[in-house]
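Listed below, chain by chain, are the residues.
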Amino acid sequence: MDQFDFIEKIEYSALLQKGLVVLLSIAFFWKLIRYMWSFLNIEKDPVRVLVTGAAGQIGYAIVPMIARGIMLGPDQPVILHLLDIEPAAESLNGVKMELVDAAFPLLKGVVATTDVVEACKGVNVAVMVGGFPRKEGMERKDVMSKNVSIYKAQASALEKYAAEDCKVLVVANPANTNALILKEFAPSIPEKNITCLTRLDHNRALGQISERLKEHVSDVKNAIIWGNHSSTQYPDVNHATVTTSSGETPVRKLVADDQWLNTEFITTVQQRGAAIIKARKLSSALSAASAACDHMRDWVLGTPKGTWVSMGVYSDGSYGIQPGLIYSFPVTCEKGQWSIVQGLKIDEFSRAKMDATAKELIDEKSLAYSCLD
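Residue indices begin from 1 for each chain and proceed along its sequence in written order. At least 70 in pLDDT is required for a residue's local features to be given in this predicted model, at least 80 for side-chain atom pairs to be given and counted, and no such filter applies to totals for whole chains, interfaces and linings, which use all residues. The side-chain values count all of the structure's non-hydrogen atoms but skip hydrogen atoms and water molecules.

**A short note on the pattern of salt bridges**
(1) Moving on: Criterion for a salt bridge: a side-chain nitrogen of Lys or Arg within 4 Å of a carboxyl oxygen of Asp or Glu. This structure, assessed with the given rule, holds nine salt bridges.
(2) Moving on: Among the salt bridges present, the one from Glu248 reaches Lys221, with a minimum N-O distance of 2.9 Å. You can see Glu248 sitting in strand β11 (residues 247-250) and its partner Lys221 sitting in strand β7 (residues 220-221), a full 27 residues away along the chain. We count a stretch as a helix when DSSP gives it H or I for four or more residues in a row; a strand needs E for two or more, and each element gets its number in order from the N terminus.

**Here's the deal with the environment of Lys335**
(1) Moving on: Among the secondary structure elements, Lys335 is positioned in the loop between β13 (326-334) and β14 (337-340).
(2) Moving on: Burial here depends on accessible area, computed with a 1.4 Å probe over protein chains only, as a share of the maximum for the residue type. Under 20% is buried, over 50% is exposed, and the range in between is partly exposed. For Lys335, a relative accessible area of 75% corresponds to the exposed category.
(3) Moving on: Between the C-alpha atoms of Lys335 and Asn93, which are 242 residues apart in sequence, the distance is 35 Å.

**Structural notes on the sheet that holds strand β10 (residues 241-244)**
(1) Moving on: Pairing within the open sheet is antiparallel, and its three strands lie in the order β7-β10-β11. The sheet is open, and its two edges are formed by β7 and β11, each paired on a single side.
(2) Moving on: Strands pair, by our definition, only if DSSP identifies at least two bridges between them. For β10 and β11, the ladder comprises four bridges, and the chain directions are antiparallel. Bridge pairing links Val242 to Thr249 in β11.

**Digging into the side chain of Ser350**
(1) Moving on: Here Ser350 lies in helix α13 (residues 348-370).
(2) Moving on: Contact between two residues is taken to exist if any of their heavy atoms lie within 4.5 Å; hydrogens are not considered. Once residues within four sequence positions are removed from consideration, Ser350 is found in contact with Tyr234, Asp236 and Asn238.

So this is what it looks like as structure tokens:
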């Protein structure tokens, strides 16, 4: 073997060693990355979610949505606490059976009960769907008295047994005033943790604009529902926009019909629930359940940047609304907290509508408090 062959073999051997070192290094770092990733993928602790009136229409629609991760996210395990009244116990058990049969990966347990204490133990989220519906021949005060009694009992149980940071969403009508009564009897729950559902009305407003403009609903944003979840609510599109090929454009500019926006659009959103009852012979369930999931998801996980939503929240006096009412405002959410959007221009037309729905809430509050005596 001559000198050149010897040197060539040494260089080849060194090259092999370097290649081996590189391969071993890659293998080591790959194992290290997988090891670190395993910590990042540790399954979250399950969140306990209470649904009252769980054997009813909205309850039946919402529980699979929660179990699928639509409310709290696709990686958040849940334990469902289902509450209903004694006459609905058999139906409630049927709901539990179906949840088991559906084999939802995120569903880590189901508590189905008619005992309000058992239902409220340790819950992190409470969706209050159950309430007493108005029946033919009943006066408003009769309905209010029934709901005051229901929400007094449930508020007391949440106060004593729910998790300290429990977030409450009231869906049952009259939603704003039911939320106010709940707050009255659960004083230790922070006022910022008690809300009511006006997201359904918000979504209805977005849907009507989408239909009118033949634009996808996901491109419409920043409508507002002011006030009560009732026929006095004010659906406001003065600040709403639509994302088009030319950028974000005001809804009023695209619709170009103030008469429609100030009349038919408003009444359509206000009366949408009644129209659905007329068509289905049943009240809104699917859309209400979906809106409740939207409400809680945005509250917990946050609203997209530049977007607000409508939530019935405790008034702090913003926009001249009496403090202490549960009133629907435009809000943004971040890190589990909502904040009322400030500084929006309010014209005379809007001011009158906002004040009218506030007056109805003041009257409802007085009626509800008279039922406490």
